[in-house]
Amino acid sequence: MSSRRIFLHQASLSALAMTIPSLPNFAEAMSSRNDQEGVLRVAIMGLGSYGTRVAQAMESSKRAKVVGVISGTPSKVENWKKKYGIPDKNCYNYENFDAIKDNPDIDAVYVITPNALHKEQSIRVAKAGKHVICEKPMAINAAEAKEMVTACEEAGVKLLIGYRLHFEANTLKVVNMRKAGDFGDIKFFQGLSGFMIGDPTQWRLDPALSGGGAMMDIGIYSINGARYMVGEEPIWVTAQEVKTDPVKFKEGIDETITFQLGFPSGVVASCLSTYSQNNLDKFFLNGTKGFAEMQPSTGYGPIKGRTHQGALDEPHIMHQTVQMDQMAGIILDGAEPPIPVDGREGLKDMVIIDAIFEAVKTGGKVAISV
Ligand code: NAD
């Protein structure tokens, strides 16, 4: 390179350095933006495996950015600070995060901790005046879920549940076909959800932190899926439990539950939730004129399947990226999601889970009203 070209090259590099802020400066600039500029500034609570995935997905979100963290592990906070350019003032722990109420640079907190912690943490976030995005299951029973809905309504903040499939393109294609009558009268739904769970010491197998086993974790996908696929709310449930390993799946942790949901029109949903079968992730919807089958139907994607009209082949975009873009629209612009994701929607699933557990216990048919 000639000395002139080297000079021009260096000059343009230093001009670039002046105009493109370094990552920490960018995050600070972002965190000082206000709502009107259309970016939802999110603090992630719980920097575990799903929290990490959500943050990665938000790197490509146009409307939501990670600007803060709430964690009990200082080493993780240090890593996240570096990775996302998060300033010290936006870092909290589980003891002091109520102080987030005095932080104008955070709009919403995404609660991604073990299930049994969601209620208390979400209510504290609401009381701090911040919008709440909470992972599924939103709580460990309907009574808790109701408290969360009330607390958020009283605080005047939004409560959204991390139902990423409510924004997924192939799922929406099937739901739209059903709404258009393409399947005729819906008659039957099947939802199968399962994987073989490993480490017996993890929180998912501790009832005090999980509130239940496979049902809370993945059975909820078939419950929620049955509702948006069928387009009705169930009125009764029956359920049966099978436990082959009572040491690993102790009292309060369901290993396998089969359950049936009955809908007002006469549609029946037949579902399976299990921690002891691998790669089980299938939805099947049948009507008088056609069908949809999706496998995988609830994993991180690509979601695949077909209907009587052909393949389900909508382009795959990371679910959590789409979810966070859409949730920014719901929170900042008052947009309506294609399938509800609010606290009342989450509460319906919790009512059904309570009824499933009751049906397992009594062996009878339990009436539901959601
Ligand atoms: P994880 O174990 O990987 O992470 C949990 C995080 O919570 C960890 O960072 C942990 O340090 C923190 N934590 C705070 N207090 C804790 C305590 N008292 N005990 C244990 N951990 C504590 O779990 P995960 O897979 O990230 O799941 C977190 C939540 O996200 C769950 O509610 C789960 O159902 C949900 N989730 C949702 C999806 C989805 O696709 N929507 C996928 C996975 C998990």
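Everything below is about the structure shown above.
Please read these numbers as outputs of a predicted model, since none were measured by experiment.

K.L.:
Give a description of the site of the ligand that names residues and reports values.
P.N.:
What surrounds the ligand is a group of 24 residues, the closest being Ser49, Asn115, Lys136, Arg164 and Trp203. Measuring from an oxygen atom of the ligand, one finds a side-chain N or O atom of Asn115 at 2.7 Å. Of the residues belonging to the shell around the ligand, the class tally is 11 nonpolar, 7 polar and 6 charged.

K.L.:
Break down the pairing of strand β1 (residues 40–45) for me, citing the residues and quoting the values.
P.N.:
The buried fraction of β1 is high, at 6 of 6 residues. Here β1 shows a buried face lined by Leu40, Val42 and Ile44 and a second buried face lined by Arg41, Ala43 and Met45. Both β1 and strand β2 (residues 64–70) contribute to a ladder of 6 bridges, which runs parallel. In the strand pairing of β2, Met45 is matched with Ile70. Taken together, β1, helix α3 (residues 49–58) and β2 constitute a β-α-β crossover, and its handedness is right-handed. In this structure, β1 lies alongside strand β4 (residues 108–111), joined through 4 bridges in parallel fashion. The partner of Met45 across the bridge, within β4, is Val111.

K.L.:
Tell me what's going on with helix α7 (residues 169–179), and back it up with residues and numbers.
P.N.:
Residues of α7 that are buried include every one of Asn170, Thr171, Leu172, Val174, Val175, Met177 and Arg178, and no others. Those residues of α7 that are buried lie in contact with β7 (186–194), α9 (214–230), β11 (280–287), β12 (291–294), β13 (305–307) and β14 (310–312). Between the side-chain oxygen at the start of α7 and the backbone nitrogen of Asn170 there is a gap of 3.1 Å, and the oxygen is on Glu168. The positive-phi residue at the C-terminal boundary of α7 is Gly181, with phi of around 85 degrees.

K.L.:
Can you explain helix α10 (residues 319–333)? Please cite residues and give values.
P.N.:
An ideal rise of 1.5 Å per residue puts 21 Å on 15 residues; α10 measures up with 21 Å between its terminal C-alpha atoms. Three or more residues of α10 are buried, namely His319, Gln320, Thr321, Gln323, Met324, Met327, Ala328, Gly329, Ile330 and Ile331. At its buried positions, α10 is contacted by β1, α3, β2, β4, β5 (131–134) and β6 (159–161). Once α10 finishes, Gly334 follows within two positions and takes phi at roughly 70 degrees, a positive value.

K.L.:
Describe the side chain of Gln323, with residues and values.
P.N.:
Residue position: Gln323 is located in helix α10. When its relative accessible area of 0% is taken as the criterion, Gln323 is described as buried. Residue contacts for Gln323: discarding those within four places in its chain leaves Tyr50, Tyr110, Ile133, Gly162, Arg164 and Phe167.

Parameters at a glance
- Within any chain, residue numbers begin from 1 and follow the written order of that chain's sequence.
- Under the rules for a predicted model, residues below a pLDDT of 70 receive no local features and side-chain atom pairs below 80 are neither given nor counted, while totals for whole chains, interfaces and linings still include all residues.
- With hydrogens and water excluded, all non-hydrogen atoms of the structure serve as input to the side-chain values.
- We call a residue near a molecule or strand as soon as one heavy atom of that residue lies within 4 Å of the molecule or strand.
- A 3.5 Å cut-off defines polar contacts: any pair of N or O atoms within that distance qualifies, except that in protein one atom must be a possible hydrogen donor and the other a possible acceptor, and neighbouring residues in sequence count only when both atoms are side-chain atoms.
- The residue classification treats Ala, Val, Leu, Ile, Met, Phe, Trp, Tyr, Cys and Pro as nonpolar and Asp, Glu, Lys and Arg as charged. All others, Gly included, are polar.
- Think of it in three bands: with a 1.4 Å probe and only protein chains considered, a residue is buried below 20% of the maximum accessible area for its type, exposed above 50%, and partly exposed in between.
- Numbered from the N terminus, helices here are DSSP runs of H or I no shorter than four residues, and strands are runs of E no shorter than two.
- Strands were regarded as paired on the criterion that DSSP finds at least two bridges between them.
- With strands facing away from the observer, any crossover in which the path from the first strand over the helix to the second runs clockwise is taken as right-handed.
- Here, residues are in contact when the closest pair of their heavy atoms is within 4.5 Å.
- Multiply 1.5 Å by the residue count of a helix minus one, and that product is the helix's expected span.

So, to be careful, I would describe these as geometric facts and stop short of saying anything about function.
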